[in-house]
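# Tertiary structure, described
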Amino acid sequence: KVDSKAGKDTIQKPIYISNGNQENIVITFDKGIYKPGDTVNFRALITNKNNDEPIKKEANICIYDGNSNKVYNETVCTSDYGILSGKFTLATEVNSGMYKLVVKTNSNETSKQFKVNPYITPKYEVKTDFDKKNYLVGDIAYNKLSF
């Protein structure tokens, strides 16, 4: 209810008050950075927020690429220990960037990012030039390195 010089107004709307989220979801990956063609191994643990006991329940897993395109979607049930795990193989030609894995239950949603970036081994050549062709035991070799 509002009373002001400009006038009076009353708005009524039902509200819902909850105790909040009762679950913890922790997501882990086997690596931090992946290359195109790699397999992303992931695991999530769902526990009760009040007593840290594992929760057995259904959860939806989605993976979004660097352009927010959904590239993986699966619904699974956790084990008796509150664990769900899976793997996703990246294509050999994919969008680079930060990918996001989202674990969603009926009462909670948690996400974690991982990086996908192609890695090309740098090519270089090292040449050495020694001051003599042959050396005896105890001789000191002097060389020039060039890259």
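Attention here is on the structure that accompanies the text.

Parameters at a glance
Residues numbered from 1 in each chain as written. Predicted model: local features only at pLDDT ≥ 70, side-chain atom pairs only at ≥ 80, totals over all residues. Heavy atoms only, no water. Pairing = 2+ DSSP bridges. Helix = DSSP H or I, 4+ residues; strand = E, 2+ residues; numbered from the N terminus. Salt bridge = Lys/Arg side-chain N within 4 Å of Asp/Glu carboxyl O. Buried < 20%, exposed > 50% of the residue type's maximum accessible area, 1.4 Å probe, protein only. Axes fitted to C-alpha atoms, helices over the stretch in contact; angles between N-to-C directions.

### Some words on the sheet that holds strand S4 (residues 33-34)
- Here we have 5 strands laid out as an open sheet, ordered S4-S10-S9-S6-S7, and mixed in their pairing. Pairing within the sheet leaves two strands with one partner each, and these edge strands are S4 and strand S7 (70-77).

### Considering the pattern of salt bridges
- If you walk through the whole model with that rule in mind, you get 6 salt bridges.
- For Lys104, the salt bridge is made with Glu109, and the minimal N-O distance between the two is 3.9 Å.
- The partner of Glu125 in a salt bridge is Lys127, with the nearest N and O atoms 3.8 Å apart.
- Residue class for Lys127 comes out partly exposed when judged on its relative accessible area of 47%.

### Notes on the pairing of strand S6 (residues 58-64)
- Pairing between S6 and S7: 7 bridges, direction antiparallel. Bridge pairing in S7 places Ile63 opposite Tyr72.
- In terms of strand pairing, S6 meets strand S9 (residues 97-104) through 5 bridges, oriented antiparallel. Residue Asn60 lies in a different strand from S9, and its bridge partner there is Lys104.

### Remarks on the sheet that holds strand S3 (residues 23-29)
- The sheet built from 3 strands is open, its strands ordered S3-S5-S8 with antiparallel pairing. This sheet does not close on itself; its edge strands, each paired only once, are S3 and strand S8 (83-89). In this sheet, neighbouring strand axes are inclined to one another by 20° on average, regardless of whether the strands run parallel or antiparallel.
- Note: strand S5 (residues 39-48) against S8, 7 bridges, orientation antiparallel.

### Quick word on unusual backbone geometry
- With phi around 60°, Asp52 is a residue other than glycine that occupies positive phi space.
- For Asp52, the position within the fold is in the loop between S5 and S6.
- Notably, Ser68 is not glycine yet its phi reads approximately 65°, a positive angle.
- With respect to the helices and strands, the residue Ser68 is situated in the loop between S6 and S7.

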